[in-house]
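Residue-level listing of the chains:
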Amino acid sequence: MILVFRLAWRELRGMFRGSARGLGVVLACLALGVAVIAGVGTLREATDRGIAQDGRRILGGDLEVDGGSQPLPDSLRGWLAARGARVSDIVRMRSMLIKANGNGSSDDRLLVELKAVDQAWPMVGEAVLVPPGTVAGALANHGLLAERVVLDRLGLKPGDSVRLGNASFTVRGELRVEPDRIATPSILGPRVLIGADTLPSTGLIVPGSMVQHAMRVLDPKGTDPAAFAADLRAAFAGQGWRIRDPGNAAPGVGRFIDQTGQFMTLVGLTALLVGGIGVANGVRAWLEARAGSIAILRCLGASARTVFAVYLVQVLAFSAIGIAIGVVAGSVLPILAGPLLRDVLPVPPVAGIYPAPLALASLFGLLTAFAFSLPALGRAMQIPGASLFRDPTSPTEAKIPREILAATATIAVILAALAVLSSPERVLSGYFCAAAVATLALFELGGWALTAAARAAPHSHLPWLRLGLANLHRPGAPTRLMLVSIGLGLSTLAAVALIQANVRREILDQIPENAPSFFFIDIQQDQLAKFEALLAAQPGVAPAQTVPNLRARVVAVKGVPVERLHVSPETQWALRGDRGLTYAAAMPAGTHLTAGAWWPANYTGKPLISFDAGLAKGWGVGIGDVIRVNVLGRDIDLTIASLRDIAWRSLSINFAMVASPGFLEGAPHGFIATVRVPEAQQARLLRSVTDALPNVTGIRVEDVLQAVAALLDRIATALSATGSLTLLSGALVLVGAVAAGQRRRMRDAVILKTLGASRGQIRAAWLVEFGVIGLAAGAIAALVGSAASYGVVRFVMNTAWVFLPGTLGLTLLLCVTAMLVIGYWGTEAALRAKPASWLRNE
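Residues numbered from 1 in each chain as written. Predicted model: local features only at pLDDT ≥ 70, side-chain atom pairs only at ≥ 80, totals over all residues. Heavy atoms only, no water.

Sorry, what's going on with the environment of Gly590 here?
Locating Gly590 in the fold gives a position in the loop between β14 (579–583) and β15 (593–596). Overall, Gly590 belongs to the exposed group, its relative accessible area being 80%. Sequence spacing of Gly590 and Ile646 is 56 residues, and the spatial spacing of their C-alpha atoms is 9.2 Å. (Helix = DSSP H or I, 4+ residues; strand = E, 2+ residues; numbered from the N terminus. Buried < 20%, exposed > 50% of the residue type's maximum accessible area, 1.4 Å probe, protein only.)

Here it is in structure tokens:
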């Protein structure tokens, strides 16, 4: 081993002086892939640390007790007061904010997320107001604070009057910073803040209102929040409240960060996989450049193992440098990107060095370097010295020893296992690994088919065409390598583009013609007649679809409390907060039952429920199982009588839970309605309804869909940017492949020019070669991208997938263009070679 290290070091000194051909690509490819994985892991750890350190401010206290649509009882306040705790009450709901003395158009009213707070708010953190002041002072005497977007949209300034329901308020300023915004996010509209003592005057709290009551708890004794929460649950068992402590201050944010980090890690693994091709190519080019040295070592008596060890040490040395660069970049990138991501991330990340993600990224890089360099090294150790002197390209043609193949396969399995075990979504990572292997095999098969087709192609009378096709199957041709290099990156981009296009089409382009214009919520039973009269008085308004609406919270499924229930990730949303619950005697039109049967119209037995089939699958329930829900503070057991396939895309009123009539009819509740009206009449209808029925809120469907589309566009931009990293890695590998074969191309160009070929013929031949490779790679990338996008859209997002030839055509064009540009660059460099010097050396 001393001799191995001495020989390796002597050649490494020459490499560091600038004679390293090929291993520079190894360094760059590993650095890029490791940097992405390390950066994503570090950013995730830094954000998690930020949530952990700032959990009390995010939550607004040591505990939050969420009572859903029901006010929290005084017995809870007494229990907390007996333990010296301070409390702050918060009520959230949606409403229409109307500018007083407006012009009567839709521009003088806005759907907002209303938050009513008491004088103790905020107990943790500080609200920033413009102009500066205290929250209690600003909200006194029917004061109101709003986000800047509200003031801008309605043209408001401090001192202006606005209306919420039946009450008038005075705008006191802008709510610049809301300390607990993450714990109480605004989803369908911007935030408006009022005092809790003024909320009753608005008349917005009515039976069946979509309202959320919560209480923040601050324990001055410093009791462990988790233990405090456990005592609270034990004291009020069976209440169905959602109790959170600072460790669970923002579960939605945590899920978002985990999912985003998962995607980014997979992108990094893809970039590293593509970079692995660059490693194989770089090692191959390096060994070809060192053919003379290998021959000399073998002729002087060096064994195959010695040659293998010498060059393995060199490869690992350069790989270590690349990994180190990637680790440094990955650890610094989140710190540098922190200011840019301030408006994107929910909490500021805590800057620091996090060893775990850096070590994981290093391990990924090291295993990749091993897996992709061993085959080329195995070929080199099989070549006798004499054959190397005769044929400098022979290392690429030698067979790989079985033990090297076994070691490579073992490392590949370890790499896949590491990717799965280190992921929060192991099933998804498992599918990714299987897809990666299948994709590599597909591109390898495509490369083999392309070389076979080129070999079998009829001879053309055009010399440049015949020569270009021959370049695809000549000995040592990098056809398969180039195909894989550009194809993997483009496959990722094609998949991202197709997912984006399908989701946008699902939301906007495929809205049914009879989709409603408005959802009106919180209509009371004694207001139904007036509401329908208002609709009838408006020209062009279709009859409304009106459905009873109660608020219910799932507290147990098949006897298992929600806190201990394990369900599929895509159905967890239905267990968080209140859900809509309705009742119906007859089966609604368009209902498609997948199991069970609907109850008779005159049914009067125990409460039954028709349940969403998708949720039933995710929760593991079926016909006859019992779901316990809390309605108006009372637990009710609902037995599943049927399962329904719900067409959510129709945008009609759909409920995951439809109960049998009788039991729920007597409970206080409101109604929701969908209304279709021509666009020209929408503003008049909204103004008419909200002026006559101040507690009723109108939600314009088009505005919501446009907001969702804008969000999707931002997400798609981020996905495309991260997916471009894979394409960058592929381009880097492709450039390395062209550079690795440059010496061969220069020699070919010299021979061809000596035999009378013109520069135009040589250039055309090589462009044929690159163009055909680009065309084949683009076609396979389009196929792989289509399959990947189909799997994500159909089975992860559970929406319809359509074939989009325009997107795939753009992928194909991009691939061919990239190959021709890089090929032209390589052609011009090779054509500049002077024949005289090459012929003298030969």
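Would you mind showing me how to read empty space enclosed by the protein here?
Unoccupied space between atoms shows up once a probe the size of one water molecule is rolled over them. This structure, assessed with the given rule, holds 2 cavities of 30 Å³ or more. Within this model, the second largest cavity holds a volume of roughly 30 Å³. Every residue along the wall of the second largest cavity is listed here: Val554, Ala574, Arg579, Phe611, Leu615, Trp619, Ala656 and Met657. Grouping the constituent residues of the lining of the second largest cavity by class yields 7 nonpolar, no polar and 1 charged. (1 Å grid on protein atoms, 1.4 Å probe; cavity = no way out; pocket = protein on both sides within 12 Å on 5 of 7 lines; lining within 4 Å. Points joined across faces, edges and corners; volume = space filled by probe spheres on them. Nonpolar A, V, L, I, M, F, W, Y, C, P; charged D, E, K, R; others polar.)

Where do I start with the environment of Leu316 in this structure?
Residue placement: Leu316 occurs in helix α11 (residues 304–337). Beyond its immediate chain neighbours, meaning those up to four positions away, Leu316 contacts Leu366 and Phe370. (Contact = heavy atoms within 4.5 Å.)

Teacher, can you tell me more about helix α15 (residues 426–456) here?
An α-helix turns once per 3.6 residues; consequently, residues spaced three or four apart project the same way. For α15, built from 31 residues, the straight-helix expectation of 45 Å at 1.5 Å per residue is met to within 8% by its first-to-last C-alpha distance of 45 Å. If you check which residues of α15 are buried, you get Ser429, Cys433, Ala436, Thr439, Phe443, Gly446, Gly447, Leu450, Thr451 and Ala454. (Expected span 1.5 Å × (residues − 1).)

Whenever I open this one, the packing of helix α14 (residues 402–421) against α15 confuses me. Can you help?
Think of two packed helices as two axes; the pair is described by the angle between the axes and how far apart they sit. It is at 8 Å that the axes of α14 and α15 come closest, and there the two elements cross at 150°. What the angle tells us is that α14 and α15 run roughly antiparallel. The interaxial crossing formed by α14 with α15 has right-handed handedness. Residues Ala416, Ala419, Val420 and Leu421 of α14 pack against Arg426, Ser429, Gly430 and Cys433 of α15. Tallied by class, residues from the contact of α14 with α15 come to 5 nonpolar, 2 polar and 1 charged. (Axes fitted to C-alpha atoms, helices over the stretch in contact; angles between N-to-C directions. Parallel < 35°, antiparallel > 145°, perpendicular 65-115°, else oblique. Left-handed = near helix turned anticlockwise from the far one by under 90°.)

Looking at this model, I keep getting lost on the nonpolar core. Mind explaining?
Where a protein is soluble and globular, its nonpolar side chains tend to be buried together. In this structure, Val283, Leu287, Tyr311, Phe364 and Leu377 are the most contacted members of the largest nonpolar core, which totals 72 residues. Counting residues per element, this core draws most heavily on helix α12 (residues 355–381), which supplies 12 residues. Residues within four places of Tyr311 in sequence aside, it is in contact with Glu11, Trp286, Leu287, Arg290, Ser293, Ile294, Leu297 and Leu377. If you look at the next biggest cluster of nonpolar residues, it comprises 32 residues, including Phe518, Ile523, Val675 and Leu685. (Core = buried A, V, L, I, M, F, W, Y, C linked by side-chain atoms within 4.5 Å.)

Hey, could you run me through the packing of aromatic side chains in this one?
Think of a pair of aromatic rings as described by two things: how far the centres are apart, and how the planes are tilted against each other in angle. Applying the stated criterion to the full structure yields 7 aromatic pairs. Consider the rings of Trp79 and Phe236, whose centres lie 6.1 Å apart with planes at 80°: the pair is edge-to-face. Separated by 157 residues along the polypeptide, Trp79 in helix α4 (residues 74–82) and Phe236 in the loop between α8 (225–235) and β10 (242–244) bring together distant segments of the chain. Overall, the relative accessible area of 15% leaves Trp79 in the buried class. Exposure remark for Phe236: the relative accessible area of 15% places this residue in the buried category. By the ring-pair criterion, three or more aromatic residues cluster together here, those being Trp79, Phe228 and Phe236. (Phe/Tyr/Trp six-rings, centres within 6.5 Å; stacked < 30°, edge-to-face > 60°.)

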